[in-house]
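# Close look at the chain arrangement
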Amino acid sequence: VAGRRDHAGSWNIDANSAPAELRKSPAAPRTTFVLSSLERRIFLTVLVGLLPLAVLAFATLFRSGETLRRELIGTSLAMMSSAMSAVDSELMASMSALDALAASPRLARDDFAGFHAEALQLLARRPSWLSVIVADTQARQLANTYLPLGSPLPSGVSGNGCCPCIRCDGAP
């Protein structure tokens, strides 16, 4: 194989003396995709016809998404309002029951045995309640339905968070 090196360091092979597989074949003509004027017009007509359709589809999807988002927010707000109403009504029922129990004449007479029986009847109608505890302003327990009647009562009320309010205004 005859050849020589050029200044870049690559070999230039003499086409006559090189083997057939190393000889450069003439470059194949490049084919380019050229549209005729009729094809171009048809393509542009289809493109112009489909573009508004694509924009309309996007606008419809966007509006549908916004509508669904508003409906979801509305439904969520309605469910929250319903849950809040249920909690409010349960709290009002509990407060009413405790207020009626606090107005008991047995409690006013310091008849804690009679009050204990009355509080147990209330607990039977309120299965979600654990107990009823009556304490004085120093947080000493006077009655506790969690313990059997006559049992020694604990010296204080656990969770003294309620006692400062009672000391202030005397209300339950």
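Before reading on, note that the structure itself is shown above.
Let me begin by describing the structure that accompanies this report. (Residues numbered from 1 in each chain as written. Predicted model: local features only at pLDDT ≥ 70, side-chain atom pairs only at ≥ 80, totals over all residues. Heavy atoms only, no water.)

The grouping of Leu 38, Ile 42, Val 46, Leu 50, Leu 53 and Leu 56 at the surface amounts to a nonpolar patch, some 600 Å² of accessible area in total. Its place among the elements puts Leu 56 in helix 1 (residues 37-102). What makes Leu 56 exposed here is its relative accessible area of 54%. (Patch = residues over 30% accessible without salt bridge, like charges linked within 9 Å, V, L, I, M, F, W, Y side chains within 5 Å. Areas by Shrake-Rupley, 256 points an atom, 1.4 Å probe, with all protein chains shown as cover. Salt bridge = Lys/Arg side-chain N within 4 Å of Asp/Glu carboxyl O. Helix = DSSP H or I, 4+ residues; strand = E, 2+ residues; numbered from the N terminus. Buried < 20%, exposed > 50% of the residue type's maximum accessible area, 1.4 Å probe, protein only.)

Next up on the list: helix 3 (residues 112-125). Between its first and last C-alpha, helix 3 extends 20 Å over 14 residues, near the 20 Å set by a 1.5 Å rise per residue. Considered for burial, the residues of helix 3 that qualify are Gly 114, Phe 115, His 116, Ala 119, Leu 122 and Leu 123. Check the buried side of helix 3 and you find it contacts helix 1, helix 2 (105-108), strand 3 (133-135) and strand 4 (141-144). (Expected span 1.5 Å × (residues − 1). Contact = heavy atoms within 4.5 Å.)

Attention shifts here to the pairing of strand 4. Looking at chain direction, strand 3 and strand 4 are connected through 3 bridges and run antiparallel. Bridging across to strand 4, Val 134 finds its partner in Ala 143. Counted along the chain from strand 3 to the antiparallel partner strand 4, the turn is 5 residues long, and its residue Ala 139 has a positive phi close to 70°. (Pairing = 2+ DSSP bridges.)

Any two side chains of opposite charge can pair, so long as their charged atoms come close to each other. One pass over the full model with this rule turns up 4 salt bridges. Arg 126 serves as the salt-bridge partner of Glu 90, at 3.5 Å between the closest nitrogen and oxygen. Taken together, the positions of Glu 90 in helix 1 and Arg 126 in the loop between helix 3 and strand 3 put the pair 36 residues apart, joining distant regions of the chain. Given the relative accessible area of 38%, Glu 90 is considered partly exposed. Residue classification places Arg 126 among the buried positions, given a relative accessible area of 18%.

Nonpolar side chains in soluble globular proteins tend to be buried together. Membership of the largest hydrophobic core is limited to 11 residues, which are Ala 97, Leu 101, Leu 107, Phe 115, Ala 119, Leu 122, Leu 123, Trp 129, Val 132, Val 134 and Ala 143. When contributions to this core are tallied by element, the ones reaching two or more residues are helix 1 and helix 3. Counting residues per element, this core draws most heavily on helix 3, at 4 residues. Aside from chain neighbours lying at most four places away, what touches Leu 123 is Trp 129, Leu 130, Ser 131, Val 132 and Thr 145. (Core = buried A, V, L, I, M, F, W, Y, C linked by side-chain atoms within 4.5 Å.)

Another point: the environment of Val 134. By secondary structure assignment, the location of Val 134 is in strand 3. For the pair Val 134 and Phe 115, spaced 19 residues apart in sequence, the C-alpha separation works out to 9.7 Å. In this structure Val 134 touches Leu 107, Phe 115, Arg 140, Gln 141, Leu 142 and Ala 143, once residues within four positions along its chain are discounted.

The end-to-end C-alpha distance of helix 1 is 96 Å, a good match for the 98 Å that 66 residues give at a rise of 1.5 Å each. Looking at the buried positions of helix 1, the neighbouring elements they touch are helix 2 and helix 3.

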